[in-house]
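Letter by letter, the chains look like this.
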Amino acid sequence: MQIEKTALEDVVILTPDRFGDHRGFFSESWNRARLIAAGLDLPEFVQDNHSLSAEKGTVRGLHFQAPPHAQGKLVRCGRGALFDVAVDIRRGSPTYGHWTGAELSFDNGRQLWVPAGFLHGFMTLMPDTEIIYKCTDHYAPECDGAVRWDSCGIDWPLNNAAPVLSEKDAKAVPLDAFDSPFTFEESAQ
């Protein structure tokens, strides 16, 4: 398992080893013991989610789930390719409002760890892209929230095309009007 730091201290990229031959490959996408041995102790996961975006240029996010049901997410791409982002929204954090992003694809096998206290979103780079992610808390609709996708200075790879958005994401509050439920001290990896 390869662990790569990002511009945001608590957000990391994980790349599991792949063992291939003429039939394809095998990979352990999640192994708690191997991560702990490598110095990364992530919280317990309680839910897996899987979504499909049919169109290239689909933007989902920027989403969060507030306390007491805040979620950390370990995100990977099951098919296709996406640009995955995390934005720090922990009040008092030296990196509040900063973002980091990584291309996740079926081919590269990379995963992004997005801790609680960070917004999460992605843009599909290919049609019929699947995203699969593990969550540290169950979905709680009363704690669900969003910040507008284009209000955090993210350098989305749109190539002058309009993104495909849900109504919820298009109407989300911009970051400069957002009252974050997270503080730097409350956030846990």
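Residues numbered from 1 in each chain as written. Predicted model: local features only at pLDDT ≥ 70, side-chain atom pairs only at ≥ 80, totals over all residues. Heavy atoms only, no water.

**Q** Is there a simple way to explain the nonpolar core in this structure?
**A** In a soluble, globular protein the nonpolar side chains are often hidden away together inside. By size, the foremost hydrophobic cluster in this structure holds 23 residues, and its most contacted members are Leu-62, Ile-89, Leu-119, Cys-152, Ile-154 and Trp-156. Within the residue set of this core, elements represented by two or more residues are strand E6 (59-65), strand E8 (81-88) and strand E12 (118-124). Apart from residues lying up to four places away in sequence, Cys-152 is in contact with Leu-62, Val-87, Gly-97, Trp-99, Leu-119, Val-147 and Leu-175. Counting residues in each nonpolar core, the second largest holds 16 residues, with Ile-13, Leu-112, Val-114 and Phe-122 among its members. (Core = buried A, V, L, I, M, F, W, Y, C linked by side-chain atoms within 4.5 Å. Buried < 20%, exposed > 50% of the residue type's maximum accessible area, 1.4 Å probe, protein only. Helix = DSSP H or I, 4+ residues; strand = E, 2+ residues; numbered from the N terminus. Contact = heavy atoms within 4.5 Å.)

**Q** Would you explain the packing of aromatic side chains in this entry?
**A** Between two aromatic rings, the relevant description is the distance of the centres plus the angle of the planes. One pass over the structure, following the stated rule, counts 8 aromatic pairs. Ring centres of Phe-25 and Phe-106 lie 5.8 Å apart, and the angle between their planes is 50°; this geometry places the pair in the tilted category. Highlighted residues: Phe-25 in strand E4 (residues 24-27) and Phe-106 in the loop between strand E10 (99-105) and strand E11 (111-114), separated in sequence by 81 residues. Of the residues examined, Phe-106 reaches a relative accessible area of 36% and is grouped as partly exposed. On the basis of an interplanar angle of 85° and a centroid distance of 4.9 Å, the ring pair of Trp-30 and Phe-45 is categorised as edge-to-face. (Phe/Tyr/Trp six-rings, centres within 6.5 Å; stacked < 30°, edge-to-face > 60°.)

**Q** Which parts of the structure should I look at to understand empty space enclosed by the protein?
**A** Inspection of the entire model under this criterion finds 1 cavity of 30 Å³ or more. What lines the largest cavity is a set of 13 residues, among which His-63, Phe-64, Gln-71, Lys-73 and Phe-118 lie closest to the centre. Of all the secondary structure elements, the ones that give two or more residues to the lining of the largest cavity are E6 and E12. Residue contributions to the lining of the largest cavity peak at 3 residues, all from E6. Here the residues of the lining of the largest cavity are counted per class, giving 6 nonpolar, 6 polar and 1 charged. (1 Å grid on protein atoms, 1.4 Å probe; cavity = no way out; pocket = protein on both sides within 12 Å on 5 of 7 lines; lining within 4 Å. Points joined across faces, edges and corners; volume = space filled by probe spheres on them. Nonpolar A, V, L, I, M, F, W, Y, C, P; charged D, E, K, R; others polar.)

**Q** I tried to follow the side chain of Thr-6 on my own but got confused; where do I start?
**A** You can see Thr-6 is positioned in the loop between strand E1 (2-5) and strand E2 (12-15). Under the relative-accessibility criterion, Thr-6 is labelled buried at 18%. For Thr-6, the side chain forms a polar contact with the main-chain oxygen of Val-11, separated by 2.7 Å. Non-local contacts of Thr-6, meaning those with residues more than four positions away in its chain, are made with Val-11, Val-12, Ile-13 and Thr-100. (Polar contact = N/O pair within 3.5 Å; in protein donor to acceptor, adjacent residues only side chain to side chain.)

**Q** Whenever I open this one, the environment of Met-1 confuses me. Can you help?
**A** On the secondary structure map, Met-1 appears in the segment before E1. Counting along the chain gives 17 residues from Met-1 to Arg-18, while the straight-line C-alpha distance between them is 9.3 Å. Ignoring sequence-local partners within four residues, the contact set of Met-1 consists of Leu-14, Thr-15, Pro-16, Asp-17, Glu-28 and Leu-35.

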